[in-house]
Amino acid sequence: MTGTDLGMPAFPPFPEAAREAVHDEVLRANLRHATHTIRDKRARAVAELDDWDRLRAAGKAIKDHTLRHLDRYLLQLEAAVTAAGGTVHWAVDGDEANRIVTGLVLATGEREVVKVKSMATQETGLNEALEAAGIAAYETDLAELIVQLGHDRPSHILVPAIHRNRGEIRDLFRSEMGRWGRPAPEDLGDDPRELAEAARLHLREKFLRAKVAVSGANFMVAETGTMVVLESEGNGRMCLTLPETLISVVGIEKVVPTFRDLEVFLQTLPRSSTAERMNPYTTMWTGTGTGTGTGTGEGDGPTAFHLVLLDNGRTDALADEVGRQALRCIRCSACLNVCPVYERAGGHAYGSVYPGPIGAVLSPQLRGTATPIDATLPYASTLCGACYEVCPVAIDIPEILVHLRERVVQGGPVTREGVRVRIRPAHGHTAERAAMRAARLLLDRPGALRAGERLLSRARRLRPQRLPGPGRAWTDTRALPDVPAESFRDWWARERKAPQK
């Protein structure tokens, strides 16, 4: 078992995990129903906008410009947050981010926090780090609550509990809620309204009691120091306004230069994620309620605000001219909902908080390709291109997948912790490298290629049903194509000599 997220257990390589997942009929039924429903609704929502392609291009351009000048915009953001009464902390990796947040919570004297969904804290394993320090962290997003009660892991960016059906959720609420706080009603059914009400009553006491909250952010506006959280339930609004201390852990790539830039994403993100024209709850805050500058006003919001800016491999990814486009991602999850591989394997097979196509290109860049799970993620795709077609910021995921496959097989120069190093090829690709070298030698010699094609055509009756050696894995699931009677080159030469009709 190899490959870890911070705070997460070890995971098997993707092929092994996927092989087990595809035999889980309940999981596949849950995924099929959910992803088809979401993507159909999204297609209708996007079709309503005549300028969707222009919005998509604008989002790409804004993100690319920001990433090219990320150092400048991050310093501008720090100055704006500080002027508004907040404090900015810089975390080079997940361990440092966890130490900062744990120290800030302990300094308040509190031993529990409420959280609004933050993939960055899942990435660093913050909940486990807080637990080790004697601090209880309570997830308040309904899907994240389900995952936490089930001692489970998220399997989707937008709907972390997508792998659970209503009956499973009802059973979890009945058996686990009492261990975390207010128990679920004994006669709780599986109607969505009943489940939501049980979660609401369970969480309300935590919102009213908590003095410290931990959040993420969908966007950070550099010119004003404003944090932006989009969510659908109102739990975020409670976390961001009721506690006295708010700690936000945000990846450095989430910054945008201006409020005008933000307007583009407030249109594209809701339609691409929840298929809504606008987000039900969009919460923005700048600094502290009692701070100076552009704070939200005395008595409104937290009296202490801390922003933890997380790198954790993002600067290394930024140094990759092809791979850096993954940092445009706005976490809409549209790519997951159209991916045939994700639909069959589910999110847990990716061994990362970032599942699906975006996880297959982002995780190996943030964590490197040294472990079997990260070395196999670039192959968790059919390269069908559906993910690129739906991406609201036009990330060419198939291009990055091929780029990362080359890195896995060939090795070569990469940036690790800010230093340019040369990595060795991953284990298990010796035959592939030998085949590619042989192909290059053959393709560089037209005469030898032509002779080989003619020999293969004449020996086509000897074609085996399955390939020997390493090729057996390919023909285990595919039929070996028939060999044509003549090569394309010979056919072309013959046709060109034939008289025109």
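Structure's up top.
What counts, and at which threshold
Starting afresh in each chain, residues are numbered from 1 along the sequence in its written order. The model is predicted, so local features are restricted to residues of pLDDT at least 70 and side-chain atom pairs to those at 80 or more, both for listing and for counting; the totals for chains, interfaces and linings are taken over all residues. Remark: hydrogens and water are excluded; side-chain values derive from all non-hydrogen atoms of the structure. Numbering of helices and strands runs from the N terminus, with a helix taken as a DSSP run of H or I at least four residues long and a strand as a DSSP run of E at least two residues long. All radius of gyration figures rest on C-alpha atoms, and the globule criterion is 2.2 Å times the number of residues raised to 0.38. Buried means the residue's accessible area, taken with a 1.4 Å probe over protein chains only, is under 20% of the maximum for its type, while exposed means over 50%, and partly exposed covers the values in between. Residue contacts are defined here by distance: any two heavy atoms, one from each residue, within 4.5 Å place the two residues in contact. All accessibility values rest on the Shrake-Rupley procedure with a 1.4 Å probe; residue burial counts only the protein chains present in the view. Being paired, for any two strands, means DSSP has found at least two bridges between them. Throughout, an axis means a line fitted to C-alpha atoms (over the contacting stretch in the case of helices), and angles, computed between N-to-C directions, take values from 0 to 180 degrees. Angles below 35 degrees are treated as roughly parallel, those above 145 as roughly antiparallel, those between 65 and 115 as roughly perpendicular, and all remaining angles as oblique. Buried Ala, Val, Leu, Ile, Met, Phe, Trp, Tyr and Cys residues that are joined via side-chain atoms within 4.5 Å together make up what is termed a nonpolar core. Ring pairs shown here join Phe, Tyr and Trp side chains whose ring centres sit within 6.5 Å, with only the six-membered ring taken for Trp; geometry is labelled stacked below 30 degrees between planes, edge-to-face above 60, and tilted in between. Note on geometry: a ring has a charge over it if NZ (lysine) or CZ (arginine) is within 6 Å of the ring centre and within 35 degrees of the ring normal. The residues that make up patches have over 30% relative accessible area and no salt bridge, and they are joined within 9 Å when like-charged or within 5 Å when they are Val, Leu, Ile, Met, Phe, Trp or Tyr. The salt bridge definition used is simple: a Lys or Arg side-chain nitrogen within 4 Å of an Asp or Glu carboxyl oxygen.

Asks: Before we go on, may I ask you to explain the overall build of the protein chain in this structure?
Replies: When helices and strands are counted, the protein chain shows 23 helices and twelve strands. Relative to the globule expectation of 23 Å for 501 residues, the C-alpha radius of gyration of the protein chain, 26 Å, shows essentially globular dimensions. By its C-alpha atoms, the protein chain is 90 × 55 × 45 Å across when sized along the principal axes. Within the span of the protein chain, comprising 501 residues, buried residues form 50% of the whole. Put simply, 71% of the contacts in the protein chain that link residues at least 6 apart link residues at least 24 apart. Split by element, the accessible area of the protein chain, about 24,000 Å² in all, is 53% carbon and sulfur.

Asks: What exactly am I supposed to notice about the sheet that holds strand E3 (residues 136–139) here?
Replies: Think of a sheet as strands paired side by side through backbone hydrogen bonds, with each pair either parallel or antiparallel. Taken together, the six strands give an open sheet; going across it, the order is E1-E10-E7-E4-E2-E3, and neighbouring strands pair in parallel fashion. The strands lining the two open edges of the sheet, one partner per strand, are strand E1 (87–91) and E3. The sheet shows a mean angle of 25 degrees between the axes of neighbouring strands, taken without regard to direction. As paired strands, strand E2 (residues 112–115) and strand E4 (residues 212–215) are joined by two bridges and run parallel to one another.

Asks: Would you mind going over the packing of helix H2 (residues 25–47) against helix H12 (residues 259–273) with me for this structure?
Replies: In a packed pair of helices, the relevant descriptors are the angle between the two axes and the axis-to-axis distance. Taken N-terminus to C-terminus, the directions of H2 and H12 make an angle of 145 degrees; their axes are 7 Å apart at the nearest point. Contacts between H2 and H12 pair Ile38, Arg42, Ala45 and Val46 from the former with Arg271, Ser272 and Ser273 from the latter.

Asks: Would you explain the sheet that holds strand E8 (residues 255–256) in this entry?
Replies: Strands sit in the order E8-E5-E6-E9 across an open sheet of four strands; the sheet is mixed. Both outer strands of the open sheet, E8 and strand E9 (281–286), are each paired with one neighbouring strand and no more.

Asks: Would you mind going over the packing of helix H8 (residues 142–149) against helix H9 (residues 166–180) with me for this structure?
Replies: Relative orientation of the contacting elements H8 and H9 amounts to 75 degrees, with a least axis distance of 9 Å. The orientation of H8 with respect to H9, classified from their angle, is roughly perpendicular. Residues Leu142, Leu145, Ile146, Gln148 and Leu149 of H8 form the contact with H9, whose participating residues are Ile169, Leu172, Phe173, Glu176, Met177 and Trp180.

Asks: Help me understand the pairing of E2 in this model?
Replies: A regular strand places its side chains so that they alternate between the two faces of the sheet. The side-chain alternation of E2 yields two buried faces, one formed by Glu112 and Val114 and the other by Val113 and Lys115. As defined by bridge partners, E2 adjoins E3 across four bridges and the pair is classed as parallel. Within the sheet, the bridge partner assigned to Lys115 lies in E3 and is Glu139.

Asks: Any chance you could explain the environment of Glu128 here in plain terms?
Replies: Relative to the helices and strands, Glu128 is located in helix H7 (residues 126–132). The spatial distance from the C-alpha of Glu128 to the C-alpha of Asn98 is 9.3 Å, given a sequence separation of 30 residues.

Asks: Just to check I follow, could you spell out the nonpolar core for this structure?
Replies: Nonpolar side chains in soluble globular proteins generally cluster together in the buried interior. With 103 residues, the main nonpolar core has Phe14, Leu77, Phe173, Phe219, Leu307 and Ile358 as its most contacted residues. When sequence neighbours within four positions are dropped, the list of residues in contact with Phe14 reads Val341, Ala345, Ala349, Tyr350, Ile373, Thr376, Leu377 and Ala380. Within the second largest apolar cluster, 18 residues are counted, among which are Ala97, Val113, Ile247 and Leu310.

Asks: Is there a simple way to think about the packing of aromatic side chains in this case?
Replies: What characterises a pair of aromatic rings is the spacing of the ring centres plus the angle enclosed by the ring planes. Going through the model one piece at a time under the given rule, you end up with eight aromatic pairs. Note on Trp285 and Phe305: the rings are 6.1 Å apart at their centroids and 85 degrees apart in plane angle, and the pair reads as edge-to-face. Of this pair, Trp285 sits in strand E9 while Phe305 sits in strand E10 (residues 304–310), placing them 20 residues apart in sequence. Summarising the burial analysis for this pair, Trp285 and Phe305 share the class buried. Grouped by ring-pair contacts, the aromatic residues Phe14, Tyr342 and Tyr350 constitute a single cluster. A cation over a ring is seen here: Arg56 above Tyr388, with NZ or CZ 5.0 Å from the ring centre. Its end group placed over the ring of Tyr73, Arg72 keeps NZ or CZ at 4.7 Å from the ring centre.

Asks: Before we go on, may I ask you to explain a nonpolar patch on the surface in this structure?
Replies: There is a patch of nonpolar side chains on the surface, built from Phe488, Trp491 and Trp492 and spanning about 360 Å² of accessible area. Positionally, Phe488 belongs in helix H23 (residues 488–497). The exposed category is assigned to Phe488, whose relative accessible area is 58%.

Asks: Explain the pattern of salt bridges here, please?
Replies: Pairs can form between side chains of opposite charge whenever their charged atoms are close. If you walk through the whole model with that rule in mind, you get 23 salt bridges. The partner of Arg314 in a salt bridge is Glu123, and the shortest N-O contact between them spans 2.8 Å. Taken together, the residues span a long stretch of sequence, with Arg314 in helix H13 (residues 314–318) and Glu123 in helix H6 (residues 119–124) at a distance of 191 residues. The shortest N-O distance in the salt bridge between Arg179 and Glu176 comes to 3.6 Å. Taken as a pair, Arg179 and Glu176 lie in helix H9 at a separation of three residues, close to a single helical turn.

Asks: I keep staring at unusual backbone geometry and nothing clicks. Help me out?
Replies: Note: most peptide bonds trans; most residues except glycine with negative phi. Non-glycine residue Asn312 carries a positive phi angle of around 50 degrees. Mapped onto the fold, Asn312 is located in the loop between E10 and H13. A relative accessible area of 15% places Asn312 in the buried class. Phi is positive for Ala394, close to 55 degrees, though the residue is something other than glycine. Structurally, the position occupied by Ala394 is in the loop between helix H18 (386–390) and helix H19 (397–410). In this structure Ala394 comes out as buried when scored by relative accessible area, which is 9%.

Asks: Help me understand the pairing of strand E7 (residues 245–251) in this model?
Replies: Of all seven residues that make up E7, seven are buried, and the element is covered over most of its length. The side-chain alternation of E7 yields two buried faces, one formed by Thr245, Ile247, Val249 and Gly251 and the other by Leu246, Ser248 and Val250. Pairing between E4 and E7: four bridges, direction parallel. Across the sheet, residue Ser215 finds its bridge partner in E7, namely Ser248. Here E7 pairs with E10 via seven bridges, running parallel. Each residue of the ladder has a partner; that of Val250, found in E10, is Leu309.

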